[in-house]
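Next come the chains, spelled out residue by residue.
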Amino acid sequence: MSGLKLFHTTGSGVTEVTPRLAEVEADVQGVVEAHMEAMLGVRFLASEYVIDCVDGGRIDSLGIDENGAPVIVEYKRGTDPGVINQGLFYLSWLMGHKAEFRYLVRDRLGISAAAQVLWSAPRLICVAGDFTRYDVHAVREHRRSIDLVRYRFFGTDHFSLETVASVTGYSGESRRVRRPRTQSGASCRRDAMADLAAAVDEVLLGLGNGVTKVETRTYRAYKRMGNFACLCPPRQNNLLLYLKLDPKSVDLVPGFTRDVTTIGHHGTGDLEVQLRTDRDLERAQDLFRLSYAAA
């Protein structure tokens with residue numbers, strides 16, 4: 001059961017808004033599908049997608065996340081011990097029907113999006129009234145990216161989503177290793193940037209237990225439900241990191257932070273942070289925390 005409490009404040013005091021489950025599963029599905037990108041960081045592709053196999057079935061929602069990874073979303077009104085296995089069955093089917101998914105992406109989002117599907121990181125998101133401790137343990141035993149998300153309705157106007165568990169198919173371990181320096185100045189600089197990238201990785205993963213990362217061809221995304229930071233490969237003299245923060249809410253510092261809202265770049269996020277030294281990393285950590293909190 002969620003420990004979240006919501007109160008309506010008035011001049012005379014506060015009134016608790018009682019949380020409730022949906023009347024039917026379709027109510028949850030309808031709300032999430034209508035606002036999937038805002039709520040889950042996933043672009044909606046299809047609802048009740050019929051799969052062609054011996055056992056048949058319907059995938060509740062199909063989507064693609066901001067990194068290009070295919071996403072299956074399954075909903076349950078309350079607690080259902082079969083939701084993870086059901087989702088994994090559909091995920092297995094999807095991995096065997098990549099062309100069909102690409103055609104769907106092409107029809108909905110265009111040829112460019114279809115060509116950039118990230119098949120190395122397919123995801124399953126289970127949205128339910130609650131999960132058991134066995135569910136949480138089970139997702140950690142699978143080599144798939146799985147998110148368990150608890151929902152609640154509050155009154156008639158509020159809807160909450162709370163991540164209960166989030167596991168990525170990639171190893172979340174990171175270790176900072178100092179490399180021996182070579183005689184070449186350029187090589188030394190590249191080594192220094194690689195070390196700094198390892199330090200950034202360590203800091204971002206350490207922001208919370210729910211942080212996972214996804215490798216794409218052009219950047220590494222750090223996410224909770226959606227991305228909150230994207231780190232590009234080290235360059236010779238600096239690292240470029242993109243955060244999901246409104247640049248207008250930040251005091252921009254030339255050479256350190258930049259508004260890239262209208263500038264093309266790899267990864268997601270409108271605030272670019274340029275890192276050259278460990279000192280830059282230290283002063284960027286407040287920005288990291290703000291972006292993490294907003295994700």
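Given the structure is predicted, the values throughout are model-derived calculations rather than measurements.

> So what exactly am I meant to see when it comes to the overall build of the chain here?
Helix and strand counts for the chain come out as eight helices and 15 strands. Against the globule reference of 19 Å for 295 residues, the chain gives a C-alpha radius of gyration of 21 Å, in line with a compact fold. Seen through its principal axes, the chain has C-alpha atoms that stretch 65 × 60 × 40 Å. The burial tally for the chain puts 45% of its 295 residues in the buried class. Long-range contacts, defined here as pairs at least 24 residues apart, represent 57% of the contacts in the chain between residues at least 6 apart. In the chain, 37 side chains carry a positive charge and 37 a negative one; their mean positions are 7 Å apart.

> What am I meant to see in the side chain of K76 here?
Of note, K76 is situated in strand β6 (residues 70-76). If we ignore the near neighbours within four places in the chain, the residues touching K76 are E25, V83, Q86, V127, A128, G129 and Y151.

> So what exactly am I meant to see when it comes to the nonpolar core here?
Here is a general trend for soluble globular proteins: nonpolar side chains tend to be buried in one another's company. Ranked by internal contacts, the top residues of the largest apolar core, which has 32 residues, are L62, F101 and L148. Here the element with the most residues in this core is helix α3 (residues 83-95); it accounts for seven residues. The residues touching L62, leaving out its near neighbours within four places in the chain, are R43, F44, L45, A46, Y49, V71, I72, L94, F101 and L104. With 27 residues, the next largest nonpolar core counts V203, L204, L205 and V250 among its residues.

> Would you mind going over the packing of aromatic side chains with me for this structure?
Both the distance between ring centres and the angle between the ring planes are used here to describe each pair of aromatic rings. Applying the stated criterion to the full structure yields seven aromatic pairs. When the centroid spacing of 6.0 Å and the interplanar angle of 75° are considered together, the rings of Y151 and F153 count as edge-to-face. Judged by its relative accessible area of 10%, F153 is buried. Grouped by ring-pair contacts, the aromatic residues Y151, F153 and F159 constitute a single cluster. When the ring centre of Y292 is taken as reference, the NZ or CZ atom of R224 above it lies at 4.2 Å. In this structure, R283 packs its charged tip against the face of F256, placed 3.8 Å from the ring centre.

> Would you mind going over the sheet that holds strand β10 (residues 212-215) with me for this structure?
Backbone-to-backbone hydrogen bonds pair the strands of a sheet. The strands run either parallel or antiparallel. In spatial order, the strands read β10-β11-β12-β13-β15-β14; together these six strands make up an open sheet with antiparallel pairing. Because the sheet does not close on itself, it has two edges, and the strands there are β10 and β14 (257-259). Here the average twist between neighbouring strands, direction ignored, is 25°. Across three bridges, strand β12 (residues 227-231) lies against strand β13 (residues 239-243) in antiparallel orientation. Note on β13: the bridge partner recorded for L231 is L241.

> What's the story with unusual backbone geometry in this structure? I'm lost.
If a residue is not glycine, its phi is most likely negative; likewise, a peptide bond is most likely trans. One non-glycine residue, E48, lies in the positive phi region at around 50°. On the basis of relative accessibility, which here comes to 31%, the residue E48 falls in the partly exposed class.

> How should the pattern of salt bridges be read in this particular structure?
Working definition: two side chains of opposite charge can pair if their charged atoms are close together. Evaluation of the coordinates by the stated rule reveals 13 salt bridges. Note that D280 is salt-bridged to R283, the shortest N-O span being 3.4 Å. Of this pair, D280 and R283 both sit in helix α8 (residues 278-294), three residues apart, roughly one helical turn. Given the relative accessible area of 10%, D280 is considered buried. Through salt bridges with shared partners, a single network forms among D201, K213, E215 and R220.

> Explanation requested: helix α1 (residues 25-34) in the structure shown.
The periodicity of an α-helix, 3.6 residues per turn, causes residues three or four places apart in sequence to face the same way. Of the positions making up α1, those classed as buried are V28, Q29, V32 and E33. Around the axis of α1, the buried residues are gathered within 120° of arc, so they sit on the same side. Away from its buried face by more than 90 degrees, α1 exposes A26 and A34.

So, how was this worked out
Residues numbered from 1 in each chain as written. Predicted model: local features only at pLDDT ≥ 70, side-chain atom pairs only at ≥ 80, totals over all residues. Heavy atoms only, no water. Helix = DSSP H or I, 4+ residues; strand = E, 2+ residues; numbered from the N terminus. Rg over C-alpha atoms; globule rule 2.2 N^0.38 Å. Buried < 20%, exposed > 50% of the residue type's maximum accessible area, 1.4 Å probe, protein only. Contact = heavy atoms within 4.5 Å. Lys, Arg positive; Asp, Glu negative; His and termini not counted. Charge placed at Lys NZ, Arg CZ, Asp CG, Glu CD. Core = buried A, V, L, I, M, F, W, Y, C linked by side-chain atoms within 4.5 Å. Phe/Tyr/Trp six-rings, centres within 6.5 Å; stacked < 30°, edge-to-face > 60°. Lys NZ or Arg CZ within 6 Å of the ring centre and 35° of its normal. Pairing = 2+ DSSP bridges. Axes fitted to C-alpha atoms, helices over the stretch in contact; angles between N-to-C directions. Salt bridge = Lys/Arg side-chain N within 4 Å of Asp/Glu carboxyl O. Arc of directions from axis to C-beta.

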